[in-house]
Amino acid sequence: QVQLVESGGGLVQAGGSLRLSCDASGLTFNRYTMGWFRQAPGKEREFVTGITGSGGSTRYGDSVRGRFTISRDNSKNTVYLQMNNLKPEDTAVYYCAADSGRTWYQIMRGEGMDYWGKGILVTVSS
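Given the structure is predicted, the values throughout are model-derived calculations rather than measurements.

Novice: Account for the environment of threonine 28, with residues named and values stated.
Specialist: In this fold, threonine 28 is placed in the loop between β3 (18–25) and β4 (33–39). Judged by its relative accessible area of 41%, threonine 28 is partly exposed. The sequence separation of threonine 28 and glycine 53 amounts to 25 residues, and the corresponding C-alpha distance is 9.6 Å.

Novice: An account of the packing of aromatic side chains is needed here, citing residue identities and associated values.
Specialist: Scanning all chains against the criterion turns up four aromatic pairs. For the ring pair phenylalanine 37 and phenylalanine 47, a centre distance of 5.6 Å and an interplane angle of 75 degrees mean the geometry is edge-to-face. Here phenylalanine 37, found in strand β4, pairs with phenylalanine 47, found in strand β5 (residues 46–51); they are ten residues apart in sequence, far enough to count as distant. Judged by relative accessible area, which is 2%, phenylalanine 37 ranks as buried.

Novice: Please give an account of the nonpolar core that cites residues and values.
Specialist: Residues Met34, Trp36, Val79, Met83 and Tyr94 are the most contacted members of the largest nonpolar core, which totals 29 residues. Secondary-structure elements contributing two or more residues to this core are β3, β4, β5, β7 (68–73), β8 (78–83), β9 (92–99) and β11 (120–125). Sequence-distant contacts of methionine 34, that is, excluding residues within four places in its chain, are made with Leu4, Cys22, Phe29, Thr49, Gly50, Ile51, Ile70, Arg72, Val79, Cys96, Ala97 and Ala98. Counting residues in hydrophobic clusters, the runner-up holds six residues, among them Phe37, Phe47, Trp104 and Ile107.

Novice: Talk me through the state of the cysteines; I want residue IDs and the actual numbers.
Specialist: Throughout the structure, instances matching the rule amount to one disulfide. Two residues, cysteine 22 and cysteine 96, share a disulfide whose sulfurs are 2.1 Å apart. Where cysteine 22 bonds to cysteine 96 through sulfur, the torsion about that S-S bond is close to -80 degrees, and the disulfide is left-handed. Taken together, the residues cysteine 22 in strand β3 and cysteine 96 in strand β9 connect sequence positions 74 residues apart. For the pair cysteine 22 and cysteine 96, one class covers both residues: buried.

Novice: Pulling in residues and values, what's your account of the sheet that holds β8?
Specialist: The four strands lie next to each other as β1-β3-β8-β7, forming an open sheet whose pairing is antiparallel. Single-partner strands in this sheet number two, and they are β1 (3–7) and β7. When the angles between neighbouring strand axes are averaged without regard to direction, this sheet yields 15 degrees.

Each value, and the rule that gives it
- Residues numbered from 1 in each chain as written.
- Predicted model: local features only at pLDDT ≥ 70, side-chain atom pairs only at ≥ 80, totals over all residues.
- Heavy atoms only, no water.
- Helix = DSSP H or I, 4+ residues; strand = E, 2+ residues; numbered from the N terminus.
- Buried < 20%, exposed > 50% of the residue type's maximum accessible area, 1.4 Å probe, protein only.
- Phe/Tyr/Trp six-rings, centres within 6.5 Å; stacked < 30°, edge-to-face > 60°.
- Core = buried A, V, L, I, M, F, W, Y, C linked by side-chain atoms within 4.5 Å.
- Contact = heavy atoms within 4.5 Å.
- Disulfide = S-S within 2.5 Å.
- Pairing = 2+ DSSP bridges.
- Axes fitted to C-alpha atoms, helices over the stretch in contact; angles between N-to-C directions.

None of the figures reported here should be taken as evidence of function without further support.
Structural data, given as structure tokens:
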């Protein structure tokens, strides 16, 4: 079965950096658009960033553009999220997700993904 496993979360001070990884198994990885979403306490889940199967196209949410970078290594079935200049408002559970057929419009509006990881907590202290 498909598994998405996030790693790399933790506690960091404001202005610091973290890199999240998501290891995928059970799917033909390069056929899936991969995305990162987050959900802060008391808030709705939010699109953070996504990358197409080939890595040729990316999208970013307005709140992270210029600070976060998504990348993927199809030889390792892994997608990464490099987070720089972190802010306390970036504190959330971050989820990795995979999708095979939705448009960017649908993905960025949060209209579901095919598969989800269990999430990993990122806490940014002020």
